[in-house]
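The residues making up each chain are set out below.
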2 protein chains.
Amino acid sequence: MTRETRTKKVLKIRGGNRIREPDLIVREAPVAIILDDEHLVTLLCTPADLEHLAAGFLLTQGIVKGRDDIGRVYADVREGAVWVESASPDRPLEKVLKERFVTSGCGRGLSFVDPGKASTSVKEVPGPEVTPALVASLMKEFQERSRLYRMTGGVHSAGLADAGGILAFSEDIGRHNAVDKVLGESLLKGIDTEGLILLTSGRVSSDVLVKAAVGRIPIVLSRAAPSDLSIKLAADLGITLVGFVRGSRMNVYSNEWRITGAPTGKKGRTKRQGRG
Amino acid sequence: MTRETRTKKVLKIRGGNRIREPDLIVREAPVAIILDDEHLVTLLCTPADLEHLAAGFLLTQGIVKGRDDIGRVYADVREGAVWVESASPDRPLEKVLKERFVTSGCGRGLSFVDPGKASTSVKEVPGPEVTPALVASLMKEFQERSRLYRMTGGVHSAGLADAGGILAFSEDIGRHNAVDKVLGESLLKGIDTEGLILLTSGRVSSDVLVKAAVGRIPIVLSRAAPSDLSIKLAADLGITLVGFVRGSRMNVYSNEWRITGAPTGKKGRTKRQGRG
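I will try to describe carefully the structure that is included in this document. (Residues numbered from 1 in each chain as written. Chains lettered and ligands numbered in written order. Predicted model: local features only at pLDDT ≥ 70, side-chain atom pairs only at ≥ 80, totals over all residues. Heavy atoms only, no water.)

## Let's talk about the packing of helix α1 (residues 50-60) of chain A against helix α5 (residues 175-189) of chain A
Residue and element names in this part refer to chain A. One way to put it is that α1 packs onto α5 with a least axis distance of 6 Å and a crossing angle of 95°. Taken together, the axes of α1 and α5 lie roughly perpendicular to each other. Here Glu51, His52, Leu53, Ala55, Gly56, Phe57, Leu59 and Thr60 of α1 come into contact with α5, specifically with Asn177, Asp180, Lys181, Leu183, Gly184, Glu185, Leu187 and Leu188. Here the residues of the contact of α1 with α5 sort into seven nonpolar, five polar and four charged. (Axes fitted to C-alpha atoms, helices over the stretch in contact; angles between N-to-C directions. Helix = DSSP H or I, 4+ residues; strand = E, 2+ residues; numbered from the N terminus. Parallel < 35°, antiparallel > 145°, perpendicular 65-115°, else oblique. Contact = heavy atoms within 4.5 Å. Nonpolar A, V, L, I, M, F, W, Y, C, P; charged D, E, K, R; others polar.)

## Quick look at the sheet that holds strand β4 (residues 38-45) of chain B
All names here are of chain B. Here four strands make up an open sheet; going across it, the order is β4-β3-β6-β5 and the pairing mixed. Sheet topology places β4 and β5 (70-76) at the edges, where each strand pairs with a single neighbour. The mean inter-strand angle of the sheet, taken between neighbouring strand axes irrespective of direction, is 20°. Sheet contacts for helix α1 (residues 50-60): β3 (29-35), β4, β5 and β6 (81-86); angle to β4, the most-contacted strand, approximately 115°. (Pairing = 2+ DSSP bridges.)

## Observations regarding the packing of aromatic side chains
All names here are of chain B. Applying the stated rule across the entire model yields four aromatic pairs over all chains. Judged by centre distance (5.6 Å) and plane angle (75°), the rings of Phe142 and Phe169 are edge-to-face. One end of the pair, Phe142, is in helix α3 (residues 132-144); the other, Phe169, is in strand β10 (residues 165-172), and 27 residues separate them in sequence. Both residues of the pair, Phe142 and Phe169, count as buried. (Phe/Tyr/Trp six-rings, centres within 6.5 Å; stacked < 30°, edge-to-face > 60°. Buried < 20%, exposed > 50% of the residue type's maximum accessible area, 1.4 Å probe, protein only.)

## Here we look at unusual backbone geometry
The backbone of Phe244 of chain A shows a phi angle near 50°, a positive value even though the residue is not glycine. Looking at the secondary structure, you find Phe244 of chain A in strand β13 (residues 240-246). Although it is not a glycine, Arg216 of chain B adopts a positive phi angle of roughly 55°. Locating Arg216 of chain B in the fold gives a position in the loop between α6 (206-214) and β12 (219-222).

Dropping the structure here:
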């Protein structure tokens, strides 16, 4: 057993054949985030990189604004908890908790940020501009790094990249957790995410879009579909949203000026496979 | 625009070709559940079948136990709200709200049921026993009904079935919402879910498993992967959990006695595609 996987005997039925053999299963465990000795929330997640998860959660929920707001972060996987010390103990935690706004994500989520009120525009973030070839190449690298997905089939991936390649990468049973983990890793390592590119394996619902905006990330690339609300938010917030990235094929839903090259008039065909 | 989809102009890049053409996008909207004039929760969901969503949410979160607990249910899509009147206004809503337990689902979710404490065993539900051929046939019917997925690529599906076929079916941008909608539909229509089969297009995390247990559903079929926690819960609660159902291939993770036929010793090969 690792933090990410567990081996289980599984009955595999393949037409008329049945065999019981070991298979790798992705782990899921409850993990409590304790902020200054107060229990903030319990997440179900893949119990690896818990410091990243906690930092990213606090960031994308609007509880902390940057590295300076956080003191020590300490995770204990066996205890199923991450302790975060606030650098400024006078933060308005009570107020934040009262403003809980529940979002769906893939199902339903708890978000402290109301997507309807998200005001973190990245319009003033000028770039980057990317070519479709770069989009394809980043998505290829992204999928090659999805080791846990190839092993278990049970996780989503998230990555942060610049034109040179992927800078941070994470996988988790939770679509949002994976995004929080890469943002949290950047926060803790002092990597400025402004102007970077977010990659996700999953559907882009409004809450994923809001996370990108909080990180001041102007480009979101997904292998899967966006919702109409995420397209509207992306358009309003100045984010270039690209979905269904499959090789050299992709759909651009908003702020297409960041994708270099002008449209021609030839007819495209859409092919879909897999769920986000 | 329908309740489920919206048409948007999209820039489609197909290798060297670019074309701007209309595409169907799945809708996502915030919907408030108002229980006896109190705001209980706001979910982001595909705004169709909101009465089903509300009833299913209340059921799977342990807030109501059955049809008798609910009076009138009324949804207004434009308002983005569902009003539910409790049949017994002395329900301990305050207590329930205090016991909120946040779960991940695909990301993170709000669950009023602690999966670690789920005690709704279906061990005493004797059947049904199903053949692999029935599993394959139900999954085929399930996929054929996934109209919104074929149109938009941006939703998950859930269904309830018996040996005769699918009885309730739903699609939603949220993996958990889809499950709540079929359970809510059954609740409102007076269909007893005990002994039925739950189908899902998505990963089976612990919260999906708990929803099945609440509905006293002994068989869960998924096209995608389970987590180790959901396998453990399924084993403990008496649920037969079958994942990666692809044609006549499937993996049985727990309580395999409900899948008829004895294992042979021949070697199986696992093929994975798509994310849950």
